[in-house]
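# Descriptive structure summary
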Amino acid sequence: LTFTEPRKRLGSEKYNEQISILCNSEGGRLLDRLVKENQKAHIVQPIYRSQNGPDPDDIGSLVDIIDEIVSTNSNLDRKTWLWDPKSEHLSDYLRRVRVEAEKDHRETLFSAIERQAMIVNKAARFGPSPSGHFALHLEYYARFSSPMRELIGCFTHKELREGLEGKQSKGVSEKQDVQMRKALINAATSAKKMQKMLSGLVFKK
C-alpha cells in the first residue's frame with residue numbers, strides 16, 4: 001500500500017476543532033432542554049445534525065481493512081492499532097490511535113485508517129429531532145460554531161436566543177418559524193447533494 005504524506009496539523013487547529021465540537025454539542029443539548037421547557041408555547045424550532053452508524057457488514061469490512069493496513073507494517077503493536085468494535089466505539093478508537101500516530105510520527109498511517117472510517121460512515125443529515133451523531137459519539141449536535149457562513153447556524157442562534165428569552169422574535173410568527181426551518185433543512189440537504197456531485201465530477205478519473 002502507498003500512502004500520501006498528510007500535512008501535519010497545527011496545535012491551534014486541534015484546539016479549534018475540539019472547541020467547535022464542544023460548542024456544537026453543548027449547543028444542541030441546550031436547544032433540546034429549551035424545547036422541553038417551552039413545549040407548550042412552541043417557541044423553539046431546533047435543527048440538529050445527526051448521523052447513524054455504519055451497517056454491520058461495513059463495520060466488518062472496516063475491521064478487515066484496518067487489519068490489512070496494520071499487517072503491512074510489521075513493527076506496529078497490533079494490540080494498539082487494531083480495532084475491536086465490540087469493546088470500543090469507532091470514534092474512541094480513532095481518537096486513541098491519532099494520539100499514538102502523532103507520538104510515533106505515523107500520521108500517514110493514521111490518515112489511511114481515518115479515510116477508510118469516513119468511507120463506511122453514513123452521511124450526516126439535518127433534522128428537527130436529535131438522534132445522535134455516530135462519528136463524534138455524541139447524543140446531541142447542532143450547528144453553532146460557524147453562523148457567519150451558514151444559514152442553519154444563523155437560525156439555531158436565533159432559536160437559542162428565543163428559547164433563553166422565552167419569547168418569539170418580533171415580527172416572526174411560530175408558523176413562519178416552522179416554514180423557515182423546513183426550507184433551511186431542504187436547502188442544506190440539496191446543497192450537500194450538489195456538493196457531492198460536483199466533487200465527484202472534479203475528482204473523476
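Not measured: the values here are computed from a predicted model.

What follows concerns the overall build of the protein chain. The number of helices and strands found in the protein chain is 7 helices and 2 strands. Reading the helices (α) and strands (β) of the protein chain from amino to carboxyl end gives α-β-α-α-α-α-β-α-α. For the protein chain, the C-alpha atoms occupy an extent of roughly 65 × 35 × 35 Å along the three principal directions. Per-residue burial over the protein chain gives 36% buried out of 205 residues. Within the protein chain, contacts between residues at least 6 apart in sequence are counted, and of these 67% link residues at least 24 apart. Side chains of the protein chain carry 34 positive and 28 negative charges; the gap between the two charge centres is 6 Å.

Structurally, Asp177 can be placed in helix H7 (residues 174-202). Overall, the relative accessible area of 0% leaves Asp177 in the buried class. Discounting residues that sit within four places of it in the chain, Asp177 has contacts with Ile43, Gln45, Phe155, Lys158, Glu159, Glu162, Gln168 and Val172.

Inspection of the entire model under this criterion finds 14 salt bridges. Note that Arg96 and Glu88 form a salt bridge whose closest N and O atoms lie 2.9 Å from each other. Notably, a salt bridge pairs Lys158 with Asp177, separated by 2.7 Å at the nearest N-O pair. Of this pair, Lys158 sits in helix H6 (residues 151-165) while Asp177 sits in helix H7; the two residues are 19 residues apart in sequence, bridging distant segments of the chain. This pair shows no difference in class: Lys158 is buried, exactly as Asp177 is. By sharing partners, the salt bridges in this structure join Lys158, Glu159, Glu162 and Asp177 into a single network.

So, about the packing of aromatic side chains. Per the stated rule, a full pass over the model turns up 1 aromatic pair. One cation-aromatic arrangement involves Arg49 over Phe126; the distance from NZ or CZ to the ring centre is 4.6 Å.

Okay, the environment of Gln39 next. For Gln39, the position within the fold is in the loop between helix H1 (11-37) and strand S1 (48-50). Measuring from C-alpha to C-alpha, the distance between Gln39 and Arg161 comes to 16 Å, with 122 residues separating the pair along the chain.

Before going further, it helps to examine helix H5 (residues 107-120). Compared with an ideal rise of 1.5 Å per residue, which puts 14 residues at 20 Å, H5 spans 20 Å between its outermost C-alpha atoms and is within 8% of the ideal. Turning to H5, its buried residues number three or more, namely Glu107, Thr108, Leu109, Phe110, Ala112, Ile113, Ala117 and Val120. Buried-residue contacts for H5 involve helix H2 (56-71), helix H3 (78-81) and helix H4 (90-103).

Core analysis: the largest hydrophobic core is formed by 19 residues, its most contacted members being Leu62, Ile66, Trp81, Leu90, Tyr93, Leu94 and Ile113. Elements with a contribution of two residues or more to this core: H2, H4 and H5. When residues in this core are grouped by element, the largest group, 6 residues, is from H5. In contact with Trp81, not counting residues within four places along its chain, are Ile66, Val70, Leu76, Tyr93, Val97, Glu100, Ala101, Arg106, Leu109, Phe110 and Ile113. Of all hydrophobic cores here, the second largest spans 8 residues; its members include Leu31, Ile43, Val44 and Phe144.

Moving on, we get to the packing of H6 against H7. The description of two packed helices rests on the angle between their axes and on the distance between the axes. Here H6 crosses H7 at 150°, and the two axes come no closer than 10 Å. Considering the angle they form, H6 stands roughly antiparallel to H7. Between H6 and H7 the crossing geometry is left-handed. Here H6 contributes Leu151, Ile152, Phe155, Lys158, Glu159 and Glu162 to the contact with H7, which in turn contributes Asp177, Met180, Arg181, Leu184 and Ala188. Taken together, the residues of the contact of H6 with H7 break down into 6 nonpolar, no polar and 5 charged.

Right, let's talk about the state of the cysteines for a bit. In total, this model carries 0 disulfides according to the counting rule given. With no disulfide of its own, Cys23 lies 13 Å from the sulfur of Cys154, the closest cysteine sulfur. Its relative accessible area of 34% is what places Cys23 among the partly exposed residues. We classify Cys154 as partly exposed; its relative accessible area is 39%.

Below, the discussion takes up a nonpolar patch on the surface. Where nonpolar side chains cluster on the molecular surface, the patch consists of Met194, Met197, Leu198 and Leu201 and spans about 400 Å² of accessible area. Relative to the helices and strands, Met197 resides in helix H7.

Reading the values: rules and limits
- Residues numbered from 1 in each chain as written.
- Predicted model: local features only at pLDDT ≥ 70, side-chain atom pairs only at ≥ 80, totals over all residues.
- Heavy atoms only, no water.
- Helix = DSSP H or I, 4+ residues; strand = E, 2+ residues; numbered from the N terminus.
- Buried < 20%, exposed > 50% of the residue type's maximum accessible area, 1.4 Å probe, protein only.
- Contact = heavy atoms within 4.5 Å.
- Lys, Arg positive; Asp, Glu negative; His and termini not counted.
- Charge placed at Lys NZ, Arg CZ, Asp CG, Glu CD.
- Salt bridge = Lys/Arg side-chain N within 4 Å of Asp/Glu carboxyl O.
- Phe/Tyr/Trp six-rings, centres within 6.5 Å; stacked < 30°, edge-to-face > 60°.
- Lys NZ or Arg CZ within 6 Å of the ring centre and 35° of its normal.
- Expected span 1.5 Å × (residues − 1).
- Core = buried A, V, L, I, M, F, W, Y, C linked by side-chain atoms within 4.5 Å.
- Axes fitted to C-alpha atoms, helices over the stretch in contact; angles between N-to-C directions.
- Parallel < 35°, antiparallel > 145°, perpendicular 65-115°, else oblique.
- Left-handed = near helix turned anticlockwise from the far one by under 90°.
- Nonpolar A, V, L, I, M, F, W, Y, C, P; charged D, E, K, R; others polar.
- Disulfide = S-S within 2.5 Å.
- Patch = residues over 30% accessible without salt bridge, like charges linked within 9 Å, V, L, I, M, F, W, Y side chains within 5 Å.
- Areas by Shrake-Rupley, 256 points an atom, 1.4 Å probe, with all protein chains shown as cover.

Any functional reading would require information that these geometric values do not contain.
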